[in-house]
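# Fold and contact review
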Amino acid sequence: MVEIKVLGTGCPNCHKLESMCHEVVNDLGIDAQIESITDMEKFMDYGVLLTPALVINGEVKVQGKLPLRPTLVNWIKQAAK
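Residues numbered from 1 in each chain as written. Predicted model: local features only at pLDDT ≥ 70, side-chain atom pairs only at ≥ 80, totals over all residues. Heavy atoms only, no water.

## Focus on the nonpolar core
Quick reminder of the rule: Side-chain atoms within 4.5 Å are what join buried Ala, Val, Leu, Ile, Met, Phe, Trp, Tyr and Cys residues into a set we call a nonpolar core. Here's how the labels work: a residue is buried when its accessible area is under 20% of the maximum for its type, exposed when over 50%, partly exposed in between, all with a 1.4 Å probe on protein chains only. Strands here mean DSSP runs of E at least two residues long; helices mean DSSP runs of H or I at least four residues long; both are numbered from the N terminus. The contact rule is simple, with two residues in contact once any of their heavy atoms fall within 4.5 Å.
Counting 17 residues, the largest nonpolar core has Ile4, Cys21, Leu54, Ile56, Leu72, Trp75 and Ile76 as the members making the most contacts within it. Counting only elements with at least two residues in this core, the list comes to strand E1 (2–7), helix H1 (12–28), strand E3 (53–56) and helix H3 (69–80). Top contributing element to this core by residue count: H1, with five residues. Beyond its immediate stretch of four places on either side in the chain, Ile76 contacts Val2, Ile4, Val24, Val25, Leu28, Ile30 and Ile56. Counting residues in hydrophobic clusters, the runner-up holds six residues, among them Leu7, Ile37, Val48 and Val55.

Put into structure tokens, the structure is as follows:
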């Protein structure tokens, strides 16, 4: 199972990133757990200073911007291997 965490304060881009993750996981048929983390103290556990941020299987993939959909698809596919 792929573990996906969206770190953000609840801004529109944070919600968009979480939505994108759900769409990609559903489109690919991948078993994943998607969690939204809004507690800023927990952001520091990942060294994240900018939101939105995306953590896949414990690895920070991006922070401070939205990834392109093809990039997100690639990251999730790689994590599911």
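Read on for the rest.
## Observations concerning the environment of Gly10
Looking at where Gly10 falls in the secondary structure, it is placed in the loop between E1 and H1. With relative accessibility at 36%, the residue Gly10 sits in the partly exposed group. For the pair formed by Gly10 and Glu59, sequence separation is 49 residues and the distance between their alpha carbons is 21 Å.

## Topic: H3
Keep this limit in mind: Residue count minus one, scaled by 1.5 Å, sets the expected span of a helix.
Taking 1.5 Å of rise per residue, 12 residues should cover 16 Å, and H3 covers 17 Å from first to last C-alpha, within 8% of that figure. Turning to H3, the residues buried within the fold contact E1, H1, E3 and strand E4 (59–63).

## Here's the deal with the pattern of salt bridges
Rules: Salt-bridge detection follows one rule: a side-chain nitrogen of Lys or Arg within 4 Å of a carboxyl oxygen of Asp or Glu.
Under the counting rule described, the total for this entry stands at four salt bridges. In this structure, Lys5 and Glu3 form a salt bridge, with 3.7 Å as the shortest nitrogen-oxygen distance. By relative accessible area, which is 14% here, Lys5 ends up buried. The partner of Glu35 in a salt bridge is Lys5, and the shortest N-O contact between them spans 3.0 Å. Of this pair, Glu35 sits in strand E2 (residues 32–37) while Lys5 sits in strand E1; the two residues are 30 residues apart in sequence, bridging distant segments of the chain. According to the relative accessible area criterion, Glu35 is partly exposed, its value standing at 31%. A network of salt bridges, in which partner residues are shared, links Glu3, Lys5 and Glu35.

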